[in-house]
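Overview (structure and organization)
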Amino acid sequence: SVSSMIRMYAKKKGIPAYTILPTLACNARCVYCYEEGRPQVTMTPETVKQTIRYIRDTHEGQEVTLQWFGGEPLLCVDIIDEICEGLKEAGVPYKSAMISNGSLITDEVIERMKGLWDLKRIQISMDGAEADYIARKRYYKDHDYYHAVMHTISKLSEAGIAVSVRCNVDNKNWEGIPQYMEDMKRYITNKEHVSVYFSPLMDVRADQDDLTFWKNTIAARDLIVNAGFRPLAYMGLRRKYRVNHCMADGGSVVIGPDGSLFPCEHCPAESRFGDVFHGVTDEKAKTEFCRTDRVREKCKTCTFLPECTSFAACPWTDAHCKEAHEMNILDSLKRLVENSLEIENPDEEAI
């Protein structure tokens, strides 16, 4: 009830962010992809046109964030160009972000990111050491993307674009993580705007032995620091109370490649609430998906409930989420104290 009330007062006019999937096609075949088996649809010219119109008519004058997602969004740079150009012509203020595997980024694409796209940040997914990366990404084209992507990350950092490297991990690729971080340290020469974090895959998080894995990922943050990068805690301390915890309950909209509207980037069929051609046709489908009064049974008495996704329809599940939160927060507190000692007593040995 408190969360619902706070969200009501904090809600802004219009839609703050649009996650746009130009295509579900991809140049990789990641072994863990949750979109596997879905038709690889790409936006038609008419869908692009209607997407521009929909954003123009629903943004309510505020600056919006365009989150490019897929599939691999960089298979459709022309569509991204067209949407950005259309919004600029319509007077819609925007900035953008992207989730990509990074393999298709060239110097020309970086110029588009800095210019027309106004890209502020990008998340690039990787999968551990070279052999694991090759086996898990399964690119259609035979190329040394492992080292190429690392060089690309360095170029993005040089261009002033914030890069978050998400390394997907499970028990099968964990042994190679130290070598992976050594390679990152060596090949990414500009680390200024680069953060790194290890993300346990969905199957790992739902497994009863998930806490062992969380302990490993927390301990491995030292590898990130020693390699010269900023560690980004997957769970940890917040600077302020989070009113919304994901795009679904924050008022954002996902636009699929066929123009369908969803509250969540996982695009569950039952949550489809309209399309860019007709607008909202089923408001109930969206509100039903992210109801704050319907939580998982094990969450009802949890002290961390306000600090995580509160609704039961969320596809992400953790076997021991409370314990995982505790471990991550304690690690964050420890690092804050250590950093404070280093700053306050630069010439003294930290106790």
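About the thresholds
- Residues numbered from 1 in each chain as written.
- Predicted model: local features only at pLDDT ≥ 70, side-chain atom pairs only at ≥ 80, totals over all residues.
- Heavy atoms only, no water.
- Helix = DSSP H or I, 4+ residues; strand = E, 2+ residues; numbered from the N terminus.
- Rg over C-alpha atoms; globule rule 2.2 N^0.38 Å.
- Buried < 20%, exposed > 50% of the residue type's maximum accessible area, 1.4 Å probe, protein only.
- Contact = heavy atoms within 4.5 Å.
- Areas by Shrake-Rupley, 256 points an atom, 1.4 Å probe, with all protein chains shown as cover.
- Lys, Arg positive; Asp, Glu negative; His and termini not counted.
- Charge placed at Lys NZ, Arg CZ, Asp CG, Glu CD.
- Disulfide = S-S within 2.5 Å.
- Arc of directions from axis to C-beta.
- Pairing = 2+ DSSP bridges.
- Axes fitted to C-alpha atoms, helices over the stretch in contact; angles between N-to-C directions.
- Polar contact = N/O pair within 3.5 Å; in protein donor to acceptor, adjacent residues only side chain to side chain.
- 1 Å grid on protein atoms, 1.4 Å probe; cavity = no way out; pocket = protein on both sides within 12 Å on 5 of 7 lines; lining within 4 Å.
- Points joined across faces, edges and corners; volume = space filled by probe spheres on them.
- Nonpolar A, V, L, I, M, F, W, Y, C, P; charged D, E, K, R; others polar.
- Expected span 1.5 Å × (residues − 1).

The secondary structure content of the chain amounts to twelve helices and eleven strands. Relative to its length of 351 residues, the chain is compact, with a C-alpha radius of gyration of 21 Å against a globular reference of 20 Å. When the backbone C-alpha atoms are referred to their principal axes, the chain occupies close to 65 × 50 × 40 Å. Counting only residues that meet the buried cut, the chain has 49% of its 351 residues in that class. Put simply, 71% of the contacts in the chain that link residues at least 6 apart link residues at least 24 apart. Here the chain has roughly 17800 Å² of accessible surface; of this, 52% comes from carbon and sulfur atoms. Mean positive and mean negative side-chain charge positions of the chain (44 and 53 charges, respectively) differ by 4 Å.

Under the defined criterion, the tally for this structure stands at zero disulfides. Among the cysteines around C299, which has no disulfide bond, C321 carries the closest sulfur, lying 5.3 Å off. Overall, C321 belongs to the partly exposed group, its relative accessible area being 22%.

This part is about helix α4 (residues 107–114). Taken residue by residue, α4 has V109, I110 and M113 as its buried positions. Each buried residue of α4 lies within a common arc of 100° when the element is viewed along its axis, so the set occupies one face. Buried residues along α4 sit in contact with α3 (77–89), β3 (94–100), β4 (119–126) and α6 (145–158).

This paragraph deals with the sheet that holds strand β11 (residues 279–280). The eleven strands are arranged β7-β6-β5-β4-β3-β2-β1-β8-β9-β10-β11 in an open sheet whose pairing can be described as mixed. Here the strands that pair on one side only, and so sit at the sheet edges, are β7 (230–231) and β11. By the bridge criterion, two bridges tie strand β9 (residues 260–262) to strand β10 (residues 274–275) in an arrangement that is antiparallel. Residue pairing in the sheet places S260 in a bridge with D275 of β10. Against the sheet, α6 engages β4, β5 (162–169) and β6 (194–200), with an angle of about 160° to β4.

Take T58: it is sitting in helix α2 (residues 45–58). A polar contact is formed between the side chain of T58 and the backbone oxygen of Y54, at a distance of 2.7 Å. Dropping the residues within four chain positions of it, T58 is found in contact with G14, I15 and Y18.

Looking now at the layout of surface pockets. In this structure, the second largest pocket spans a volume of roughly 160 Å³. Every residue along the wall of the second largest pocket is listed here: L21, L24, R38, P39, V41, G256, P257, D258, S260, F262 and C267. By residue class, the composition of the lining of the second largest pocket is seven nonpolar, two polar and two charged.

Let's shift gears to empty space enclosed by the protein. Considering all chains together, one arrives at one cavity of 30 Å³ or more under this definition. Empty space within the largest cavity amounts to approximately 60 Å³. In this structure, the largest cavity is lined by Y197, F198, W214, T217, I218, R221, I224, L232, A233, Y234 and N328. Listing elements by their share of the lining of the largest cavity, those giving two or more residues are β6, α9 (210–219) and α10 (221–226). The element best represented in the lining of the largest cavity is α9, accounting for three residues. Of the residues contributing to the lining of the largest cavity, the split by class is eight nonpolar, two polar and one charged.

Right, let's talk about α3 for a bit. Compared with an ideal rise of 1.5 Å per residue, which puts 13 residues at 18 Å, α3 spans 18 Å between its outermost C-alpha atoms and is within 8% of the ideal. Looking one or two places after α3, you find G91, whose phi comes out positive at around 75°.

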